[in-house]
Amino acid sequence: MDLFSPSGIAVWRKHINDSERFAEAAKSWTGRLLLIETEDTGPGRKTWVVVDSGRCTEARIGGLPDEAAADFVLAAAPGTWVDLVAARTTPAAAALKGRLSLRKGDVMALIPHAKAAAELLAAAADPG
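Our subject in this report is the structure included herewith. (Residues numbered from 1 in each chain as written. Predicted model: local features only at pLDDT ≥ 70, side-chain atom pairs only at ≥ 80, totals over all residues. Heavy atoms only, no water.)

1. Thoughts on the overall build of the protein
The secondary structure content of the protein amounts to seven helices and five strands. Taking 128 residues into account, the globule formula puts the C-alpha radius of gyration at 14 Å, and the protein, at 13 Å, falls close to it. Taking the principal axes of its C-alpha atoms as reference, the protein extends roughly 40 × 30 × 30 Å. Within the protein, buried positions represent 42% of all 128 residues. Restricting the contact set of the protein to residue pairs at least 6 apart, pairs at least 24 apart contribute 63%. (Helix = DSSP H or I, 4+ residues; strand = E, 2+ residues; numbered from the N terminus. Rg over C-alpha atoms; globule rule 2.2 N^0.38 Å. Buried < 20%, exposed > 50% of the residue type's maximum accessible area, 1.4 Å probe, protein only. Contact = heavy atoms within 4.5 Å.)

What follows is the structure in structure tokens.
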């Protein structure tokens, strides 16, 4: 699933809201995230996601104003996003290896939600 296309984002949001694992892991998490797919040739694509107490209340293509509104801005190359969705790595491991960067937000505020973040990404995997 393409986390950065309109159709992919719509399907992902449905999967997030259908995921009991996400609902449980994120029941105490409220936040606004901007995910950035970095590209060597340009600014890259962006996805805006709002989570509130175990639900995804908004998911859409992100824009420049969203960077200011986001609690967390996370950026990675396309291959890293694929690895995160496929659970070949975790957000924490990717960050420690320098493959995922936290461009905005306090890492200490994100750590309690590491499992919820992993479940958020896992919801993008094909359910079958």
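Picking up after the structure, the text goes on.
2. A word on the layout of surface pockets
Size it by volume and the largest pocket reaches roughly 400 Å³. Lining the largest pocket we find 22 residues, and of these P91, A92, A95, L100 and L110 sit closest to its centre. The set of elements that each furnish at least two residues to the lining of the largest pocket consists of β1 (30-39), α4 (78-85), α5 (91-96), β5 (100-104), α6 (107-110) and α7 (114-122). Among the elements that take part in the lining of the largest pocket, α7 stands out by supplying six residues, more than any other. Here the residues of the lining of the largest pocket sort into 18 nonpolar, three polar and one charged. (1 Å grid on protein atoms, 1.4 Å probe; cavity = no way out; pocket = protein on both sides within 12 Å on 5 of 7 lines; lining within 4 Å. Points joined across faces, edges and corners; volume = space filled by probe spheres on them. Nonpolar A, V, L, I, M, F, W, Y, C, P; charged D, E, K, R; others polar.)

3. A word on unusual backbone geometry
Despite not being glycine, S53 shows a phi value in the positive range, around 55°. Topologically, S53 is positioned in the loop between β2 (42-52) and β3 (55-61). You will see that A87, though not glycine, has its phi angle at about 60°, which is positive. Looking at the element boundaries, A87 is found in the loop between α4 and α5.

4. Notes on the pairing of strand β4 (residues 72-76)
Burial analysis of β4 places five of its five residues in the buried class, which makes it a mostly covered element. On β4, burial covers both faces: F72, L74 and A76 on one face and V73 and A75 on the other are all buried. As paired elements, β1 and β4 share five bridges and run parallel to each other. Directly across from I36, in β4, lies its bridge partner A75. Across four bridges, the pairing between β4 and β5 is antiparallel. Within β5, the residue paired with A76 across the bridge is L100. (Pairing = 2+ DSSP bridges.)

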